[in-house]
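Spelled out from the first residue to the last, the chains are:
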Amino acid sequence: MFNNPFDSFHNIVAEAKEEREQLDRLLTISTPRERLLVAAIALLLCILSAWLFFGSVSRSLVVDGVLVEQGENPPGGAKSVRALVWVESGIAPQIKAGMPVVIEPDAADGETGALGGEIRAISAVPFSGGSAAIESASPVSPHRVDIALEENVDFGSLAGRKCRIVIELGRQSPIALFRMRRS
């Protein structure tokens, strides 16, 4: 635009005006299709920001364990099972009785199926022969989890099987989840 110092001032201004007009034509949203696209993007951004603040996301913890024994039957007749799991020390206090849980046993003989229930109790299992210093320094520790099942199953087919246990820790807004991950 101002490359040639010997050009007249009027020519330089005329060139600048042409460039501005050309840019204005490029930036103008003139067709209905373009206006609809801009409105759709704005609506999508509004929905996304509303979901970030008012939506909810389920937080769950997945642990591997072994089904060790059948628990006492709670009132109501549904069976319960006891599992031995390894849980990180910082997460274990967040697990409370009454939280929903899904047990996914390893497939045996092509048999797959998830069992629903809720946690009745969780307790730490002390290391056998270990010292308290090792136990407190360990990032993970064994826990015994008692689970009340929603349906009656034959525990004989589950005894000693490895399983994956999904514990729902709760629900929260996505923005709170992002804040929690940054801390």
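The preceding data block contains the structure.
Draft legend 1. Structural view of the side chain of Arg 82. Within the fold, Arg 82 resides in strand S2 (residues 80-88). When its relative accessible area of 14% is taken as the criterion, Arg 82 is described as buried. A polar atom in the side chain of Arg 82 sits 2.5 Å from the side chain of Asp 146.

Draft legend 2. A look at the environment of Val 140. Along the polypeptide, Val 140 turns up in strand S5 (residues 140-149). Residue class for Val 140 comes out partly exposed when judged on its relative accessible area of 30%. In sequence terms Val 140 and Ile 91 are 49 residues apart; their C-alpha atoms lie 9.3 Å from each other. Leaving out residues up to four positions away in the same chain, Val 140 has contacts with Trp 86, Val 87, Glu 88 and Ser 89.

Draft legend 3. Molecular detail of the nonpolar core. Counting 23 residues, the largest nonpolar core has Ile 95, Ile 103, Ile 147, Ile 165 and Ile 167 as its most contacted members. Where this core is concerned, the elements lending two or more residues are strand S1 (57-70), S2, strand S3 (100-105), strand S4 (115-124), S5 and strand S6 (162-172). In contact with Ile 165, other than residues within four places in its own chain, are Leu 61, Val 62, Val 63, Ala 83, Val 85, Val 101, Val 102, Ile 103 and Ile 147.

Draft legend 4. Broad picture of the sheet that holds S5. Sheet architecture is closed into a barrel: six strands sit in the order S1-S2-S5-S4-S3-S6, paired in antiparallel fashion. Taken pair by pair, the neighbouring strands of this sheet meet at an average axis angle of 45°, ignoring direction. Two strands pair when backbone bridges link them, and S1 and S2 are joined in this way by five bridges, in the antiparallel orientation. Bridge pairing in S2 links Gly 65 to Val 85.

Draft legend 5. How the structure looks around the pairing of S3. Taking every second residue as pointing to the same face, the buried face of S3 carries Val 101, Ile 103 and Pro 105, while none of Pro 100, Val 102 and Glu 104 on the other face is buried. One ladder, built from four bridges, connects S3 with S4; its direction is antiparallel. Residue Ile 103 lies in a different strand from S4, and its bridge partner there is Leu 115.

Draft legend 6. The arrangement of a negative patch on the surface in detail. A surface patch of negative charge is lined by Glu 15, Glu 18, Glu 19, Glu 21 and Asp 24. One can find Glu 15 in helix H1 (residues 9-27).

Rules behind the numbers
Residues numbered from 1 in each chain as written. Predicted model: local features only at pLDDT ≥ 70, side-chain atom pairs only at ≥ 80, totals over all residues. Heavy atoms only, no water. Helix = DSSP H or I, 4+ residues; strand = E, 2+ residues; numbered from the N terminus. Buried < 20%, exposed > 50% of the residue type's maximum accessible area, 1.4 Å probe, protein only. Polar contact = N/O pair within 3.5 Å; in protein donor to acceptor, adjacent residues only side chain to side chain. Contact = heavy atoms within 4.5 Å. Core = buried A, V, L, I, M, F, W, Y, C linked by side-chain atoms within 4.5 Å. Pairing = 2+ DSSP bridges. Axes fitted to C-alpha atoms, helices over the stretch in contact; angles between N-to-C directions. Patch = residues over 30% accessible without salt bridge, like charges linked within 9 Å, V, L, I, M, F, W, Y side chains within 5 Å. Areas by Shrake-Rupley, 256 points an atom, 1.4 Å probe, with all protein chains shown as cover. Salt bridge = Lys/Arg side-chain N within 4 Å of Asp/Glu carboxyl O. Lys, Arg positive; Asp, Glu negative; His and termini not counted. Charge placed at Lys NZ, Arg CZ, Asp CG, Glu CD.

Everything listed here is a matter of coordinates, which is why it stays silent on function.
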